[in-house]
Amino acid sequence: MPIQNAVVIGAGQMGSGIAQTLLQYGYNVALVDIADAPLERGRSAIEAGLARLTAKGRLTETAQTEALQRFTTTTDLPLAVRDSDIVIEAAPEHIATKQATFKKLDASCPSHTILATNTSSLPITSIASVTQRADRVIGMHFMNPVPIMPLVEIIRGLATSDETCDTVRALAESLGKTAVEVKDFPGFVSNRVLMPMINEAVYAVYEGVAEPEAIDTVLKLGMNHPMGPLTLADFIGLDTCLAIMETLYEGFGDSKYRPCPLLRQYVQAGWLGRKSGRGFYSYNSS
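These numbers were taken from a predicted model, which means no experiment stands behind them. (Residues numbered from 1 in each chain as written. Predicted model: local features only at pLDDT ≥ 70, side-chain atom pairs only at ≥ 80, totals over all residues. Heavy atoms only, no water.)

**Focus: the sheet that holds strand S3 (residues 71-74)**
Piece 1. Ordered in space as S3-S2-S1-S4-S5-S6-S7-S8, the eight strands form an open sheet in which the pairing is mixed. Either end of the sheet is taken by a strand with one partner, and the two such strands are S3 and strand S8 (178-182). Across the sheet, the mean angle from the axis of one strand to that of its neighbour is 25°, orientation sign disregarded.
Piece 2. Bridge analysis of strand S4 (residues 86-89) against strand S5 (residues 114-117) gives four bridges, and the strand direction is parallel. Its bridge partner lying in S5, Ile-88 is registered against Ala-116.
Piece 3. Strands strand S1 (5-9), S4, S5 and strand S6 (137-142) of the sheet are contacted by helix H5 (residues 95-108), whose axis makes an angle of about 165° with S5. (Pairing = 2+ DSSP bridges. Helix = DSSP H or I, 4+ residues; strand = E, 2+ residues; numbered from the N terminus. Axes fitted to C-alpha atoms, helices over the stretch in contact; angles between N-to-C directions. Contact = heavy atoms within 4.5 Å.)

The following block contains the structure:
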């Protein structure tokens, strides 16, 4: 069944980016969150993103207007999903939160609706297990920032059907993305490789090997990375980095995935990176 009506759960950076991308490419989109304030921030971010595309000539003014006409926001999840073809969940990276969300979605969505999760590390099979439609549950891991980054990891759960996988792959490609299918292992491919590198950079700070600026400069100039690992960690969110490292550590039981104590300490202090104004760098305008 072709996708026309999409619902995105979570109005944060990832959810807003997914919603904007869907709108750009002609889909009807409902953005859902538990409160009005994040929905207002999400709407503002989407409107600004579409306006930037129009200013750059990548979107016509007519297309921008039509995209916003196809966009709704709500805190009423059952109402939002009643005509949905796909729901893409972009809630915080906690298995209990995602399972509770998927259980509610399973009870509220039409029988044909595909339930996709944007999780960056958690097991798709475990998320699907709380539903009665495990064949229509799949991982659809977008990269941040979603409107710019061209990759989507597609992750099958144990019971995900070929039809679901094919439909989600086609959706990703219709958004101008390259879809890569990976197995349902902790961290998939992207974060199984990326997060240990970030964690090791944090260890280098923790052990006094070098200052954050020096570590980032080495990776940028020596390895041609566009962004240093600590700058990237601040951009992703240190709480998200820690959650992924904990998933890797628990999932593989290997000490090489043990989160650095300094990363844990920063999160405990509320130093989460850009979104909190302070991480390995300070982002306060003052």
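**Let's talk about the layout of surface pockets**
Piece 1. Its boundaries defined by the atoms lining it, the second largest pocket holds a volume of some 320 Å³.
Piece 2. Of all the elements, helix H11 (residues 238-252) adds the most residues to the lining of the second largest pocket, at six residues.
Piece 3. Here the residues of the lining of the second largest pocket are counted per class, giving six nonpolar, four polar and five charged. (1 Å grid on protein atoms, 1.4 Å probe; cavity = no way out; pocket = protein on both sides within 12 Å on 5 of 7 lines; lining within 4 Å. Points joined across faces, edges and corners; volume = space filled by probe spheres on them. Nonpolar A, V, L, I, M, F, W, Y, C, P; charged D, E, K, R; others polar.)

**Examining the UniProt feature "domain: 3-hydroxyacyl-CoA dehydrogenase C-terminal" (unreviewed entry) in the protein chain**
Piece 1. According to UniProt, the "domain: 3-hydroxyacyl-CoA dehydrogenase C-terminal" (unreviewed entry) feature falls on residues 187-283.
Piece 2. Helix makes up 62% of residues 187-283 and strand 0%, whereas the separation of the span's terminal C-alpha atoms amounts to 28 Å. (UniProt positions renumbered as here; feature names shortened; annotations may be inferred.)

**Looking at the state of the cysteines**
Piece 1. In this structure the tally under the stated criterion is zero disulfides.
Piece 2. With no disulfide partner, Cys-109 has as its closest neighbouring cysteine sulfur the one in Cys-165, 20 Å distant.
Piece 3. In this model Cys-260 remains outside any disulfide bridge; the closest cysteine sulfur is found in Cys-241, 12 Å from its own.
Piece 4. Overall, the relative accessible area of 0% leaves Cys-260 in the buried class. (Disulfide = S-S within 2.5 Å. Buried < 20%, exposed > 50% of the residue type's maximum accessible area, 1.4 Å probe, protein only.)

**Quick look at helix H2 (residues 36-55)**
Piece 1. Across its 20 residues, H2 extends 28 Å between first and last C-alpha, which sits within 8% of the 28 Å expected from 1.5 Å per residue.
Piece 2. Restricting attention to buried positions, one finds in H2 the residues Pro-38, Leu-39, Gly-42, Ile-46, Gly-49, Leu-50, Leu-53 and Thr-54. Taken end-on, H2 shows its buried residues confined to a sector of 150°, consistent with a single buried face. Exposed side of H2, more than 90 degrees from the buried face: Asp-36, Glu-40, Arg-41 and Ala-55 are the residues found there.
Piece 3. Packed against the buried residues of H2 are helix H1 (13-24), strand S2 (28-32), helix H3 (61-69) and S3. (Expected span 1.5 Å × (residues − 1). Arc of directions from axis to C-beta.)

**As for the side chain of Glu-89**
Piece 1. Topologically, Glu-89 is positioned in strand S4.
Piece 2. Since its relative accessible area comes to 0%, Glu-89 is described here as buried.
Piece 3. Contact partners of Glu-89, with chain neighbours within four places excluded, come to Ile-9, Lys-98, Thr-101, Phe-102, Ala-116, Thr-117 and Asn-118.

**Some thoughts on the UniProt feature "domain: 3-hydroxyacyl-CoA dehydrogenase NAD binding" (unreviewed entry) in the protein chain**
Piece 1. Residues annotated in UniProt with the feature "domain: 3-hydroxyacyl-CoA dehydrogenase NAD binding" (unreviewed entry) correspond here to residues 6-184.
Piece 2. End-to-end, the C-alpha atoms of residues 6-184 are 24 Å apart, and along that stretch the chain is 44% helix and 21% strand.

**A look at the nonpolar core**
Piece 1. Ranked by size, the top nonpolar core spans 36 residues in total, and within it Leu-22, Ile-86, Met-140 and Phe-142 carry the most contacts.
Piece 2. Sequence-distant contacts of Met-140, that is, excluding residues within four places in its chain, are made with Ile-88, Ala-116, Thr-117, Asn-118, Val-152, Glu-153, Val-168, Leu-171 and Ala-172.
Piece 3. By size, the runner-up hydrophobic cluster in this structure holds 24 residues, among which are Leu-230, Leu-242, Ile-244 and Met-245. (Core = buried A, V, L, I, M, F, W, Y, C linked by side-chain atoms within 4.5 Å.)

**Examining the packing of H1 against H2**
In a packed pair of helices, the relevant descriptors are the angle between the two axes and the axis-to-axis distance.
Piece 1. With their axes 9 Å apart at the nearest point, H1 and H2 run at an angle of 45° to one another. Relative to H2, the element H1 lies oblique. The handedness of the crossing between H1 and H2 is right-handed. Together, Ser-16, Ala-19, Gln-20, Leu-23 and Gln-24 of H1 and Gly-42, Ala-45, Ile-46, Gly-49, Leu-50 and Leu-53 of H2 make up the contact between the two elements. (Parallel < 35°, antiparallel > 145°, perpendicular 65-115°, else oblique. Left-handed = near helix turned anticlockwise from the far one by under 90°.)

**Brief notes about the environment of Phe-280**
Piece 1. In this structure, Phe-280 sits in the segment after helix H12 (261-268).
Piece 2. Judged by its relative accessible area of 10%, Phe-280 falls in the buried class.
Piece 3. The sequence separation of Phe-280 and Ala-210 amounts to 70 residues, and the corresponding C-alpha distance is 13 Å.
Piece 4. Setting aside its immediate chain neighbours within four residues, Phe-280 contacts Val-202, Pro-212, Leu-230, Asp-234, Leu-238, Leu-262 and Tyr-266.

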